[in-house]
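Residues per chain, in single letters:
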Amino acid sequence: MNKNKTLSPVGKSVPRIDAREKVSGEAKYVFDMTFPGMLVGKMLRSPHAHAKILKIDTSKALKLKGVKAVITAEDTLKIKFGSNEFFFPYTVDQYPLEFEKVRYIGDEIAAVAAVDEETAKEALSLIEVEYEILSAVFNTVDAMKPGAPQIHSSMNNIGVMLPVSFGNPDKALKESDYVREDIFYLQSAAHCALEPHVSLGQYEVSTNKITLWTSTQAPFKVREAMAKVLKMATADIRVIKLNVGGGFGGKLEMLPMDFAACLLSKKSGGLPVKITCSREEEFSFTRRKHPMVYKLKSGVKKDGTIMAITGEVIADGGAYCSYGPTVIAAAIMRIFMVYKIENIRLMGFRVYTNNSISGAIRGFGGVQSGFAIESHMDMLARGIGMDSMEFRLKNATDPNTVTVNKLIISSNGLKDCIKKVGEACGWKEKNGKDKTDGDIVCGIGMGIAADVMGSKMYKSHESAGSIIKVEEDGSVYLFTGAADTGQGSDTALAQIAAQELGVAYERIRVKAADTETTPFDTGSFASRVTFISGNATKNAATDAKKQILEIVALELKCDSNDFDIHDECVVKKADNSKIMDFDKAIQLCYSFDYGRLIIGRGNYNPKTTPIDFRTGQGNVSGSYSFEAQVAEVEVNKKTGEVRVTKMYDVHDIGYPVNPASVHGQIEGSIVMGIGYTLYEDLKFDQGRVVNPSFSKYRLPRSIGIPKIESIFIETNDPQGPFGAKGMGESSLLPTAAAIANAVYDAVGVQIKDLPITPEKVLKALKEKEDRG
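For clarity, every value in this text was computed on a predicted model and none was experimentally measured. (Residues numbered from 1 in each chain as written. Predicted model: local features only at pLDDT ≥ 70, side-chain atom pairs only at ≥ 80, totals over all residues. Heavy atoms only, no water.)

What to know about the pattern of salt bridges
For the structure shown, the criterion picks out 47 salt bridges. The partner of Arg238 in a salt bridge is Glu516, with the nearest N and O atoms 3.5 Å apart. Pair noted here: Arg238 is in strand β11 (residues 237–240) and Glu516 is in the loop between β22 (508–512) and α16 (529–556), with a separation of 278 residues, a long-range link. The exposure class assigned to Glu516 is partly exposed, which follows from its relative accessible area of 48%. The structure contains a network of salt bridges with shared partners spanning Lys5, Arg507, Glu568 and Asp583. (Salt bridge = Lys/Arg side-chain N within 4 Å of Asp/Glu carboxyl O. Helix = DSSP H or I, 4+ residues; strand = E, 2+ residues; numbered from the N terminus. Buried < 20%, exposed > 50% of the residue type's maximum accessible area, 1.4 Å probe, protein only.)

Section: the sheet that holds strand β7 (residues 158–166)
Taking strand neighbours across the sheet as the criterion, the five strands line up as β7-β15-β14-β13-β8 in an open arrangement whose pairing is mixed. Edge positions in the open sheet fall to β7 and β8 (178–186), since each of these has one partner strand only. Between one strand axis and the next, the sheet turns by 5° as a mean value, whatever way the strands run. Pairing geometry for strand β13 (residues 292–300) and strand β14 (residues 306–318), over nine bridges, is antiparallel. Each residue of the ladder has a partner; that of Val300, found in β14, is Ile306. (Pairing = 2+ DSSP bridges. Axes fitted to C-alpha atoms, helices over the stretch in contact; angles between N-to-C directions.)

Points about the state of the cysteines
Throughout this description, disulfide means a covalent bond between two cysteine sulfur atoms. Going through the model one piece at a time under the given rule, you end up with zero disulfides. Cysteine Cys192 remains unbridged, with the sulfur of Cys277 as its closest cysteine sulfur at 14 Å. According to the relative accessible area criterion, Cys192 is buried, its value standing at 18%. Here Cys262 is not disulfide-linked; the sulfur of Cys277 is the nearest cysteine sulfur, at 15 Å. Cys262 sits in the buried class, given a relative accessible area of 1%. (Disulfide = S-S within 2.5 Å.)

Below, the structure is given as C-alpha cells:
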C-alpha cells in the first residue's frame, strides 16, 4: 500500500483518485480506443426538418470499396425507445433509425461502416433518399395552433401536459394586497462537453453478445434501451463507461449512434465499429436545453406573505420527447422545496416542434424556472417596498416540514444560507444604494434555490448497489455502477468506503460503471451519486467490516459487537484500545483456520414516493439541498455591457465529503450559470442550428471569470452518508436571477429574457427614459 496514509478521509480534500492518470495523459476515453480491424461508422441524417421518407436506396454505397456494412430501418426491429417510459409510456416516440418520416434536420435514417473516415463519408453521399417535403413548425406558439403541421399524433403537438394544483389560488389572489404578472423568456443552450459523443460497438459472433463502450452518464440506462430496441436479454449486452470528458445531462440516454455502432458490427461479421460526433453534430443533432416561456401571476400581503402563485410553462421540446416529462416536472415543482406555498396552480406544456431534440441538461428545467421565479420574487418584494432578502427569509421553507405537495423536508439550512450570504456580501450596506462611477454603475442581486438528490421519475426504484472486496494483501476494491463523468464521484465514494471500513483512503481501488461486472446504478444525474450511491457504498463497507470483526471475535472468543475498525486498527469500542492492525486482521480472515473471503454487499433505495403527475403530489427525493447566491455586477450605461465582478454562494451541503471537490462543483456551476445568463444562445433558422461551433457559440472564458466565494452550511443530513448531501446542480439554479436582479439594482431595469445582452440593456434603458 502507498506509504502516505489518509485516515478518516471524509471531510478532507484528498486528491482525486484519477488525478495522476489524467494529468499524465494516461486516462483512456472511448475516443482513444482502437482494435484490430476497427471500422469507422457514420450516420446519415435528414437534411429536411419535416418530410416523408418515400424510398432509401443503399445499393451504390454497398458497392463502394472499403464499405463493410450499411443499415437502415429495414435492418432493425422497428421498436421505439424513450427515456421516461416507466411513468410516461406514451412519450416513447423515437426509432433508432427512422423509416416513415423525419422530424428535424439531423434525424437519423441510415448508417455505414467502412475501413476509414473518407470511405465512410463517401458511402453516405451514395445513399439515395427520396423525400416528400412536409410543412414544418419551429416555435411553440405556431405548433399549438389548430391546423398546425402534425409532428406526432399528439393533439396540438402537446407531447406532455403536467398540472400542479393545491389550495384555492383564485381566492387567495383576491385576498392579496399586491398582485403582479410577468412573462419570462429562456433560450436554448448546448452542453458544450469537451469530449463529444463516442460509441464503439462490437458483436461477438461466438456468443451472440454485444459490448458497447460509450461516453455515458448512465450505462445501465443505455443497456436497458439497447436491449429493448434489439430485443435481446440485458445479460447479452455489456455497456462499459471509460473516462468521460463531461456530460452535463447530454450523455444520459441511448442515442441512435449507440445502437448503430452495435448493429453495424454485427453486419460486419463482428468487426468493432466506432462512431464519433463532430463538433457540428454535437451542437446540432444530440440534445439541448429546453427553451421556455414562463408566465407567472402571484399575490402577496403587505407583510410579505406569499398568498398564491399561478402560471404556465411552455417548453419547445423539439422533434422527440427525450427527458421532456422530467424537465417540465422539475420546472414547475422545484418551487415547493424553496417557498412555503399553500395556494398554487401551474400548468406545464412540452410542445413538439421541428427543431432538434431538447433533453436533459444540468439543472433539469431548474435553471429556467430559477430565473423566472427568483426574478419574479424580487419584483414582488419591490412592489410592497420590502427588502428582497427579508422577503425570502419570511417565505423560505423550514426544516422538518412536509410541503403542501407532500415533499418531506428533514434537514434544511435555507434560511441560514440566506442570512450567511447576506453577511458575506454586505447586503444591507450595498443593496439599493447608489453606486455610480461615471458610466459604470454597480449593483447587487440575490437568488435562492433547492434541489433533489435523485429523483423517482424514471423507474419503480431509485436503487444503487456497491460491493467491497478485501484481498489477502489488504487492498480494498470498490465495485460501483455509478458513473464518474469528471465530477469526482469515484473519489467521494472511495472516501466513504475508507471512512466506514476504517482504513486509509489510499487502500481503495475503484472499479466502476461496467454493466457486466459492477452492481446496478441508475446513473449520474439529479445530484444523486454522493447521496444514493454513497449510502450503498457505506452499507457495503459496513457489511465487509462486520465480516472482518466476526473473525477477530471468533479468534479472541469475544463478541464482535465489542469491536470496531478505526485508523487501520481493530479497536475496542469501550476504550478505543488497539487489538490488532487491519493487515493482521485480514491475514487472520484468510488464514488456515478461517479461510474467509471478505466481500461486503450494500444497496440503497431512498425512502421516496413516486409523484402523482395528475396533481404534482409525492416525495420525489430522499432529502433536499438548499442554497443562496448573490451576484455583484457592473453595468456600463453607455454600452449596455454587464460584467459580473463577484459571486457569493452559501450552500447547505449537509457535510462535505471532499471540500475541494465541493468548491469545484459550486464554482463550475456558477460559471455555467454566468454563461447561460450573459452569453449562450443556441440559435436556429428554420430548424437548422446556425452557430454550431465554439467560434460562433459564445461561452465565458477563464480570463473573465469573477472571484467566487463559496461557503458551506453543515446540517448533517440524517439520511445522507456521514451527513452528506448531493450538490452537483443546485448552485447553477439561482445564478441567472441573481445577475438579473443585480442589473436592476444597478440601473433600474429588469431584463426578463435571456441572455442579457448589451442590446437588451440599452433598449430597456431607453424605454425607461421614454417613460420618464
